[in-house]
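# Structural characterization, general
Here are the chains, one letter per residue:
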Amino acid sequence: MPTIRPCTANDRAAWLELRQALWPEAHADEHGDEIAGLLNEPARFGQFLALDDQERALGLIEASIRHDYVNGTDGSPVAFAEGMYVRPDHRQQGVATALMRAVEAWALEHGCSELASDAALGNRLSHAVHAGLGFEETERVVFFRKALKGS
């Protein structure tokens, strides 16, 4: 089993690498700014690394405490798993489960009784991972946007 521990500023390189694998559409500078912001608000954000016995990062999970309405939940505050990534060569080895358990413990420590998450409609792998981690699907949503002329 991997070692799970909170991310720190000293983990920036590994954290950035895993974030870029999870969200490749964002630029490294944007990720760097977000990492700094997450570290500056420890009461609102939690992030954990999974490490092997040689301290190599195998996976990452980031979570937040949300006080606004979260689809499919019953109360507030709600912990929200914002994103999780496990290196492909370490999948199906309990890394995601260990990361999620760390977030569950963190959420309880922050007064939450629910943990929510989301996934794109077409991301069936993520749906299966969520189900395997004990999540239940609550609803499906399609977001819409309309550009306004003159703005």
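From a predicted model like this one, the values you see are computed outputs, not experimental measurements.

Further remarks concern the packing of helix α1 (residues 12–22) against helix α2 (residues 28–40). Here α1 crosses α2 at 120 degrees, and the two axes come no closer than 10 Å. In terms of their interaxial angle, α1 and α2 are classed as oblique. Here α1 and α2 pass one another in a crossing that is right-handed. Taken together, the residues of α2 that come into contact with α1 (itself represented by R12, W15, L16, R19 and Q20) are A28, H31, G32, E34, I35, L38 and L39. Considering only residue class, the contact of α1 with α2 consists of 6 nonpolar, 3 polar and 3 charged.

This part is about the sheet that holds strand β2 (residues 45–51). Spatial ordering of the open sheet is given by β1-β2-β3-β4-β5, a layout of 5 strands whose pairing is mixed. The sheet is open, and its two borders are formed by β1 (3–6) and β5 (115–117), each paired with just one other strand. Across the sheet, the mean angle separating the axes of adjacent strands is 30 degrees when strand polarity is ignored. Sheet topology note: the strand β4 (residues 78–86)/β5 ladder contains 3 bridges and is parallel.

Tracing the sequence through the fold places S113 in the loop between α3 (95–109) and β5. Sequence separation between S113 and V142 is 29 residues; the distance between their C-alpha atoms is 27 Å.

To continue, consider the nonpolar core. Soluble globular proteins tend to pack their nonpolar side chains together in the buried interior. One finds F48, I61, A79, V95, L99, M100 and W106 to be the most contacted residues of the largest nonpolar core, which totals 20 residues. Put simply, the parts of the chain that give this core at least two residues each are β2, β3 (57–66), β4 and α3. Sorting elements by how many residues they give to this core places α3 first, with 8 residues. The contact partners of V95, leaving out residues within four places of it in the chain, are P2, A50, L58, G59, V86 and H90. One finds C7, L18, I35 and L38 within the second-largest nonpolar core, a separate group that totals 12 residues.

Calculation criteria
What you see as residue numbers is a count from 1 along each chain, following the sequence as written. With the structure being a predicted model, the display of local features is reserved for residues of pLDDT at least 70 and the display and counting of side-chain atom pairs for 80 or more, all residues being used for whole-chain, interface and lining totals. Each side-chain value is worked out from all heavy atoms of the structure, with water and hydrogens disregarded. The axes are straight lines fitted to the C-alpha atoms, using for helices just the contacting stretch, and the angles between their N-to-C directions are given from 0 to 180°. Helix and strand assignments come from DSSP, with helices taken as H or I runs of at least 4 residues and strands as E runs of at least 2, each series counted from the N terminus. Here is the rule for angles: anything less than 35 degrees is roughly parallel, anything more than 145 is roughly antiparallel, 65 through 115 is roughly perpendicular, and the remaining ranges are oblique. Handedness of each helix crossing follows the sense of rotation of the near helix against the far helix: counterclockwise by less than a right angle gives left-handed, clockwise gives right-handed. The contact definition used throughout considers only heavy atoms, calling two residues in contact when any of these lie within 4.5 Å. Only Asp, Glu, Lys and Arg are considered charged, only Ala, Val, Leu, Ile, Met, Phe, Trp, Tyr, Cys and Pro nonpolar, and every remaining residue, Gly among them, polar. For two strands to pair, DSSP has to find at least two bridges joining them. Note on terminology: a nonpolar core comprises buried Ala, Val, Leu, Ile, Met, Phe, Trp, Tyr and Cys residues joined through side-chain atoms within 4.5 Å. Only protein chains enter the accessibility calculation, which uses a 1.4 Å probe; a residue is then buried when its area is under 20% of its type maximum, exposed when over 50%, and partly exposed in between.

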